[in-house]
Amino acid sequence: MKIGNEIKEKAEILLKELTLEEKTGMIHGAGLFRTKAVERLGIPALYMSDGPMGVRAEFEDAAWVPAGETQDYVTYLPSNAAIAATWNRELAYECGSVLGEEARGRGKDVILAPGINIKRSPLNGRNFEYMSEDPYLTAEQCVPLIQGIQEHDTAACVKHFAVNSQETQRLWVDTQVDERALREIYLPAFEAAVNRAGSASIMGAYNRLRGEHCCESQLLLNKILRKEWGYEGTVISDWGAVHRTKEAAFSGLDLEMSVTDNFDEYYMARPLKEAVEKGEIPEEAVDEKVRHILWMMLSLHMFDVDKERKTAVDTQRRSGCYNTPAHRDAALRTARESIVLLKNEEERLPLAKEKLKKLLVIGRNGNKIHSNGGGSAEIKALYEISPLMGLMTHLGGNCEIRYVEGYYEEEKQEDGTNWQEDSLKEGGGKERQTAQVSEETARKRQTLLEEAVKYAKEYEQVIFVGGLNHEYDLEGQDRSDMKLPYGQDEVIEAVLEANPDTIIVMAAGSPVEMGRWEKKAKAIVWNWYAGMESGNALAEVLLGETNPSGKLPESFPYTHKDCSAHCVGDFAEEKLLRYREGIYVGYRYYEKQKVPVQYCFGHGLSYTQFAYSGITLEKQENASELRVNVSCTVKNTGKYSGKETVQLYIRDKNDKVDKPIKELKGYEKVELAAGESKKVNFCLSGKEFAYYEESAGAFQIIPGEYEILLGASSQDIRLQASIHIKV
Ligand code: BGC
């Protein structure tokens, strides 16, 4: 974010008036989600809230106890993973706009969203809060989302900067990643967030990077963010991610937040003030942080400055609102486009609504509410339509719907404390341990399985809705494998045996193993945590009222053991985490090593078919600029109208540098009525052809042959053409 001179001048006026005590009050948490106001000068406190699926419920100011209010129910948006799966930039913008407007409506200044860490492993507990394994897709979807948030005088706080891809020991784990992977994989989306979208704030991560805590990091905060990228926004720590006063003071961090209520003892509170008074830290270090915060506050129109009286004064700021019909509509339209049709043999889907007289829905996720879980992303949703409710409301009274649980979820043992309060213990996160199944649980599972099988034989139409929930997709905990919990594999196998036409719906934030039943299932639908309208969107897709158009923003491997974070690098280590796989993350690895996957990056079917034709390339190349215009025609050759995402990958045909087989560098989503054709255009610049050359410390283009590939997924390339780049 770049700040204009007028704001800078105004901030300097206030800065000169502030005492050291007042300044330090502005750079650390004085409540769990706020800073201290300076009433004398009219500077308000800065109010923050999670993020990213909506505006989180109110907590007590100094305790992790829900305030128990009735006015903090909000619009529950599809998770960031679901937003990425739409491959639709406009919908990302709309979700951002809802978030920003609702945050303002709830009186917040900063919304702690979006989450854009790269999905390095399917086991990361927070994958549902993140977008993709691919830096290009993450950048393209997060930029409009941030712009949407900030339309409403609310600051986005893009998180967690950086290379934060596991929850295990997240406070201490030291990530070792090579420079090329850092620049090509882990940083581009953050750079786009701050430079293209102008994110007003950014959250430093819990983990260390090359030995330094991210919130005290010279490399990340000073060298890369402030100097290279010229960032003038505010850097906020993750809650409890600061460990030392001096290091934090001399880094680009501006605001220390934490989870404990000893606010005056935070590293950037009294200890920092005393260090300045003793002359150990120059006051200018504090001023620089306050300056950034004042710049952000002024950009958000939180106040203006009376130059004569040298105080903050009221100004016109956009007011927000929440729970509007328009917000719910945006949630619904996004949910629709996020659903991924993984498999549809024999045109099992869509179901013919008029003929559906008896329907059996099996599975806990059919009847489950997910909004209130997951960690800091939990939402007090105004409502959440479950799959069962969605189906019931769409089918009305003409269809008899029976629901059975199918599998048994053990009761969660609550110990009365809030996890966030405890989150600085045990290194902040752990790997999930697989618990022994008790005899009682085994018995309950068997009873439910038998019931499901009995009815599956009787009902012509059966839908199984399973997957994960926020006991597994969860902050502070990684999964230990990709297996479906609660004995679901057995249930799905038995149900498919009893009724081979059963449709399988998976609701989850990260991929699961499907090997035991995937071949037997004719239709599989992937549903994420898709917000308050999730059940309606799902019902529309199953009944053909919406033609699915979601595409996977990440590869679905057969097992986590196939993933490079596990078979090449380290994962869930407690101390040193070596990213030995380098740039080979997600499809970049599977393709290079020819590792087959269950479903590939970019995969997603439609009820209609699309034909691609007529690729054209047009190059303009001179000493200072490279531009390649690519186009093709897409025709809807099927019988339903639908949307297709045309994906553009670039393959470097030179063998001078080790590179992935291909990389995503463009995508466009088009809507086509049955029989309709449209031209799809892409414009590539030099950036898209470049790789990071470590010896030069810069991105470079190798002259030579490149292939431009256009396709419906990373493995379904329909058109290709070569181009020679001179540079
Ligand atoms: C999470 C952040 C979140 C913060 C405030 C931390 O535990 O890592 O993503 O914004 O808490 O709730």
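Scope of this entry: the structure provided in the associated data block.

Definitions and limits used
Residues numbered from 1 in each chain as written. Predicted model: local features only at pLDDT ≥ 70, side-chain atom pairs only at ≥ 80, totals over all residues. Heavy atoms only, no water. Pairing = 2+ DSSP bridges. Helix = DSSP H or I, 4+ residues; strand = E, 2+ residues; numbered from the N terminus. Axes fitted to C-alpha atoms, helices over the stretch in contact; angles between N-to-C directions. Left-handed = near helix turned anticlockwise from the far one by under 90°. Contact = heavy atoms within 4.5 Å. Near = heavy atom within 4 Å. Polar contact = N/O pair within 3.5 Å; in protein donor to acceptor, adjacent residues only side chain to side chain. Areas by Shrake-Rupley, 256 points an atom, 1.4 Å probe, with all protein chains shown as cover. Nonpolar A, V, L, I, M, F, W, Y, C, P; charged D, E, K, R; others polar. 1 Å grid on protein atoms, 1.4 Å probe; cavity = no way out; pocket = protein on both sides within 12 Å on 5 of 7 lines; lining within 4 Å. Points joined across faces, edges and corners; volume = space filled by probe spheres on them. Phe/Tyr/Trp six-rings, centres within 6.5 Å; stacked < 30°, edge-to-face > 60°. Lys NZ or Arg CZ within 6 Å of the ring centre and 35° of its normal. Buried < 20%, exposed > 50% of the residue type's maximum accessible area, 1.4 Å probe, protein only. Arc of directions from axis to C-beta.

## Observations concerning the sheet that holds strand β4 (residues 174-176)
No. 1: In space, the four strands of this open sheet follow the order β7-β6-β4-β19, with mixed pairing throughout. The sheet is open, and its two borders are formed by β7 (212-213) and β19 (576-578), each paired with just one other strand.

## Observations concerning the packing of helix α4 (residues 89-105) against helix α12 (residues 325-338)
No. 1: It is at 10 Å that the axes of α4 and α12 come closest, and there the two elements cross at 145°. Of the two possible hands of crossing, α4 and α12 adopt the one that is left-handed. Together, L91, E94, C95, V98, E101 and E102 of α4 and H327, A330, R333, T334 and E337 of α12 make up the contact between the two elements.

## Some words on the sheet that holds strand β12 (residues 358-362)
No. 1: Pairing in this open sheet of six strands is mixed, and the strands run β11-β18-β17-β15-β12-β13 from one edge to the other. Edge positions in the sheet fall to β11 (340-344) and β13 (400-404), since each of these pairs with one other strand and no more. Averaged over neighbouring strand pairs, the angle between their axes works out to 15° when direction is ignored.
No. 2: Contacts between helix α14 (residues 439-458) and the sheet are confined to β12, β13 and β15 (461-467), with β12 contributing the most and set at about 160° to the helix.
No. 3: Running over the sheet, helix α15 (residues 488-498) touches β12, β15 and β17 (503-507) and is turned about 170° from β15.

## Describing the site of the ligand
No. 1: By nearness alone, 15 residues border the ligand, and D50, R126, D238, Q420 and E475 come closest of all.
No. 2: A distance of 2.6 Å separates an oxygen atom of the ligand from a polar side-chain atom of D238.
No. 3: In the complex, 100% of the free accessible area of the ligand, which totals 310 Å², lies under the protein chains.
No. 4: When grouped by side-chain class, the residues that make up the shell around the ligand number five nonpolar, three polar and seven charged.

## Here we look at the layout of surface pockets
No. 1: Within this model, the second largest pocket holds a volume of roughly 800 Å³.
No. 2: In terms of lining residues, the second largest pocket is bounded by 30 residues, among which Y136, P188, R196, K687 and E688 are the most central.
No. 3: Secondary structure elements with two or more residues in the lining of the second largest pocket: α5 (135-150), α6 (179-186), α7 (188-196), β23 (663-672) and β24 (677-685).

## Concerning the packing of aromatic side chains
No. 1: Inspection of every chain in the model, using the stated rule, returns 24 aromatic pairs.
No. 2: Joined through ring pairs, the aromatic side chains of W87, Y136, Y587, F601, Y649 and Y667 make up one cluster.
No. 3: Positioned above the aromatic ring of W295 is the side chain of K8, whose terminal nitrogen or guanidinium carbon lies 5.0 Å from the ring centre.
No. 4: The residue whose ring lies beneath K380 is Y73, and the NZ or CZ to ring-centre distance is 4.7 Å.

## So, helix α13 (residues 387-395)
No. 1: Listing the buried residues of α13 in full gives P387, L388, G390, L391, H394 and L395. The buried residues of α13 occupy an angular sector of 165° when the element is viewed end-on, so they sit on one face.
No. 2: Where α13 is buried, its residues contact β12, β13, β15 and α16 (534-542).
No. 3: G396 sits one or two residues past α13 and shows a positive phi near 60°.

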